[in-house]
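# Commentary on secondary and tertiary structure
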Amino acid sequence: MSTATLPRILTGVPANGFISFAQHEAIHGAMPVLSRSRHDNALDLELTESGLRGQGGAGFPTAIKLRAVARARGRAVVVANGCEGDPASSKDRLLLERLPHLLIDGALLAARAVGARDIVIAVGEHATHAERAVEVALSERHDLRSGSPRVRVVIVPHGYVSGQENALVNFLNGGPAKPTAIPPRVFERGVGGRPTLVDNVETLAHIALIARHGAAWFRELGTTEEPGSRLVSVSGAIAYPGVYEIESGAPLSALISAAGGVTTRVQAFLLGGYAGTWVHPELGLQLGLSDTQLAASGATLGAGIVVALPTSACVVAELAHVADWLAGESAGQCGPCINGLAAIAATLQGVQHGTAGDAPLEQLARWASLVRGRGACGHPDGVAQLVASALSLFAEEFADHARHGICDGCARRRILPVSSPLARRFAA
Amino acid sequence: MPLELRINWIKCDAHGMCAELFPELIALDEWGYPILDPRPIPPELEAHARRAVAACPTCALALERVPRRPR
Ligand code: SF4
Ligand code: SF4
């Protein structure tokens, strides 16, 4: 760790509205033109050395993905993925709505590196100001001349899994925003049947900065395995919930202090959102926020999500509520996901109300392990992780509920957000 | 290279034929969807595996030769 400073990506983020191209260039400088020939792909080299990983949740090395697309046969397409399905995440929305030029830079640089002439910026429909921000930003780009890639903005219908790579590509090809069977992999056959690079918008923002300052600069922050900085959405019992840029590997306690500290006693932190892991607050605060360091606690940071659950909340009610929503977010295609998640959600409701049948907690644990790996996408695995980790950290609370039913906390307002597309459309 | 069974979960309709024809490595869950034994298919059972693949009415089951990758 070093004295390199933060913020990087969030430098100059406006409190309202979005940054202009002139402000963007004043902060970061002009977008460089990197050399690209058959044998020398400067961006590929820098990304390889930087160790940048995808920030959409999967954490796959960005350079490897880029290279696969660059080497695949056919004219490539670049997709900037800003769908952000997890209701506890807001970093992608922030980038789209406030700092659109950074991810546009990243998409242009990636397009050049893979030889793409088309860029799609995919915006989740919940990010109500994103389309306008990105459209205005594009209209300001006097560096987009003839010969530059065509860029279009596409609004993607809400859905927890609609930002999954194959679901997104399927939608862009005119199908529903649901995951498809793999293979084909999108890097071989994606949008319009062409090799497609799908990168999360935060990943593209990092690319924009690495292209300017180089891999060594990127590595001045973070750990050897997970260098650089990353955006984390912090919510729950927090003084200033929001999106923070942290040094990868920084302790959770530092992030929580940056967010003004907790507002009340916390019974657990949820790391990694709704495919994530519950950790005890005392242990949690000492954890370093990188997937390598979190692995010892069985956790990951996923798409960079931290929720502080106050002791006043009923964790059983919270989980029942979220599991019910997640079951409804199944794309309804794979039997074990449809049936397994519905069974888990119904049993959690039963546990909360003390009306579940025999040994409901053992049933829940069994279903959680039964659904893992048995779907076309990772949705059942994510739910299984969330539920299994809650059952193990809160064994007492669950046993208590199974016996006695609802508690005082059940009546309180839920902390964990779920989102209904309808409610959002009317609110917008 | 060992053979592995793969299921296309989007196509699988819980017909259960596969478990009937290849009970050694395929069980069914309570909704009738297959549960695969993660072990590689022993050579003497390959014929059973092929029969199960051929019998799947939705072509959801496939056999694949997979190079063993270090995980
Ligand atoms: S696993 Fe679930 S969410 Fe994923 S494609 Fe299948 S049904 Fe849809
Ligand atoms: S036979 Fe085919 S459709 Fe039936 S359960 Fe097996 S894989 Fe699924």
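Since we're looking at a predicted model, the values are computed, not measured.

## Section: the interface of chain A and chain B
- Each partner contributes residues to the interface: chain A has 17 residues there, and chain B has 9 residues.
- Overall, the association of chain A and chain B removes approximately 1,100 Å² of surface from exposure, summing both partners, and the carbon and sulfur fraction of that is 63%.
- The largest contributions to the chain A side of the interface with chain B come from Asn339(A), Leu370(A) and Arg374(A), which together make up 41% of the buried area.
- Our count for the chain A to chain B interface comes out at 2 salt bridges.
- Scanning the region where chain A abuts chain B turns up 5 residue pairs in polar contact (both at pLDDT 80 or more).
- When residues of the side of chain A that touches chain B are traced back to their parent elements, those giving at least two are α14 (335-353) and α15 (360-371) of chain A.

## Looking at helix α3 (residues 62-71) of chain A
Residue and element names in this part refer to chain A.
- Taken together, the buried positions of α3 are occupied by Thr62, Ala63, Leu66 and Val69. On an axial view of α3, the arc spanned by its buried residues comes to 130°, and they lie on one face.
- Along its buried surface, α3 packs onto α2 (42-50), α5 (100-114), β4 (196-200) and α8 (201-213).

## Thoughts on the packing of aromatic side chains
Residues and elements named next belong to chain A.
- This structure, assessed with the given rule, holds 4 aromatic pairs over all chains.
- Here Tyr160 and Trp325 contribute two aromatic rings whose centre-to-centre distance is 5.9 Å and whose plane-to-plane angle is 85°, an arrangement assigned as edge-to-face. A residue pair is termed long-range when its members are at least 10 positions apart, and Tyr160 in the loop between β3 (150-156) and α7 (165-172) and Trp325 in helix α13 (residues 315-328) qualify at 165 residues. Like Tyr160, the residue Trp325 is buried in the burial classification.
- Taken together, the ring pairs connect Tyr160, Tyr274 and Trp325 into an aromatic cluster.
- A cation over a ring is seen here: Arg8 above Trp217, with NZ or CZ 3.8 Å from the ring centre.

## Points about the domain arrangement of chain A
Residues and elements named next belong to chain A.
- Domain parsing of chain A yields domain 1 (21-218) and domain 2 (315-411).
- Using only C-alpha atoms to locate each centre, domain 1 and domain 2 end up separated by 35 Å.
- Counting residues at the interface gives 10 residues for domain 1, matched by 8 residues for domain 2.
- Carbon and sulfur atoms make up 67% of the surface buried where domain 1 meets domain 2, a total of about 780 Å² over both sides.
- Applying the counting criterion to the domain 1 and domain 2 interface returns 0 salt bridges.

## Regarding the sheet that holds β4(A)
Residues and elements named next belong to chain A.
- Spatial ordering of the open sheet is given by β3-β2-β1-β4, a layout of 4 strands whose pairing is parallel. In this open sheet, the two edge strands, each paired with only one partner strand, are β3 and β4. Neighbour-to-neighbour, the strand axes of this sheet turn through a mean angle of 20°, independent of strand direction.
- Where strand β2 (residues 118-124) and β3 come together, 7 bridges link them in parallel fashion. Pairing of Gly124 across the sheet is with Val156, part of β3.
- Here α5 sits on the sheet in contact with β1 (77-82), β2 and β4, set at roughly 145° to β2.
- With respect to the sheet, helix α6 (residues 130-140) is in contact with β2 and β3, its orientation differing from that of β3 by roughly 175°.

Parameters at a glance
- Residue numbers run consecutively from 1 along every chain, following the written order of its sequence.
- Each chain gets a letter, beginning with A, and each ligand a number, beginning with 1, in the order they are written.
- Selection of residues for local features in this predicted model requires a pLDDT of at least 70, selection of side-chain atom pairs for listing and counting requires 80 or more, and totals for whole chains, interfaces and linings are taken over all residues.
- Computation of side-chain values: all heavy atoms of the structure, hydrogens and water removed.
- Should any heavy atoms of two residues lie within 4.5 Å, those residues are counted as being in contact.
- Simply put, the buried area is the total loss of 1.4 Å probe accessible area from both parts when two parts are fitted together.
- A side-chain nitrogen of Lys or Arg and a carboxyl oxygen of Asp or Glu constitute a salt bridge if their distance falls within 4 Å.
- A 3.5 Å cut-off defines polar contacts: any pair of N or O atoms within that distance qualifies, except that in protein one atom must be a possible hydrogen donor and the other a possible acceptor, and neighbouring residues in sequence count only when both atoms are side-chain atoms.
- The numbering of helices and of strands both runs from the N terminus, where a helix is a DSSP run of H or I of at least 4 residues and a strand a run of E of at least 2.
- Buried, partly exposed and exposed residues are distinguished by accessible area as a fraction of the type maximum, computed with a 1.4 Å probe on protein chains only: under 20%, between the cut-offs, and over 50%, respectively.
- This arc describes the spread of directions from the helix axis toward the C-beta atoms.
- For this analysis, a ring pair means two rings from Phe, Tyr or Trp (six-membered ring only for Trp) whose centres lie within 6.5 Å, classed as stacked if their planes differ by under 30 degrees, edge-to-face if by over 60, and tilted for the remaining angles.
- The criterion for a charge sitting over a ring is simple: Lys NZ or Arg CZ within 6 Å of the ring centre, and within 35 degrees of the ring normal.
- Boundary definitions for the domains trace back to an automatic or database domain assignment.
- A pair of strands is considered paired only if DSSP assigns at least 2 bridges between the two.
- With axes taken as lines fitted to C-alpha atoms, and helix axes fitted only over the stretch in contact, angles between N-to-C directions fall between 0 and 180 degrees.

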